[in-house]
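# Coordinate inspection notes
Spelled out from the first residue to the last, the chains are:
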Amino acid sequence: MFIIELTDLEPGFVQKSTETKECIKTRSFDIDHKAAMYAYYYKDHVQIQLMKYGKQETNSEDWKIIKRFPILLDDININKPVRISHNLEDDYLNIYLGYQNKKVDKKK
């Protein structure tokens, strides 16, 4: 499995998503050319959206796979989700995580 961060390659999409979602920043990833993952950073939480391409169904097992790669989201603790929901209509997972910038906190 390979995961590629696309944030720097999609500046228009990232800017529009950040404005639309009214978040501080947005990151985007391609997962094995089979799924997309977006991280929306807010002041006190991060919302991860995970969705598969095509007609493949998204489920909680997909999040378990992502959790094996904590380096991707090294500034947040992905092991303590506050809430996970499945949008059945659009078939994507929403994972809500408390946000505490670990890079900043290490300096304290």
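All of the points below concern the structure found in this document.

Rules used in this analysis
- Residues numbered from 1 in each chain as written.
- Predicted model: local features only at pLDDT ≥ 70, side-chain atom pairs only at ≥ 80, totals over all residues.
- Heavy atoms only, no water.
- Core = buried A, V, L, I, M, F, W, Y, C linked by side-chain atoms within 4.5 Å.
- Buried < 20%, exposed > 50% of the residue type's maximum accessible area, 1.4 Å probe, protein only.
- Helix = DSSP H or I, 4+ residues; strand = E, 2+ residues; numbered from the N terminus.

## Side note on the nonpolar core
- Counting residues in hydrophobic clusters, the biggest one holds 18 residues, and the most contacted among them are Met37, Ile48, Trp63, Leu73 and Ile76.
- Of all the elements in the fold, those that place two or more residues in this core are β2 (25-31), β3 (35-41), β4 (45-52), α2 (60-66) and β6 (92-98).
- It is β3 that provides the largest number of residues to this core, a total of four residues.
- By size, the runner-up hydrophobic cluster in this structure holds five residues, among which are Ala36, Tyr38, Tyr40 and Tyr42.

## Some words on the environment of Asp75
- Looking at the secondary structure, you find Asp75 in the loop between α2 and β5 (81-87).
- For Asp75 and Tyr99, which are 24 residues apart along the polypeptide, the C-alpha to C-alpha distance reads 8.6 Å.

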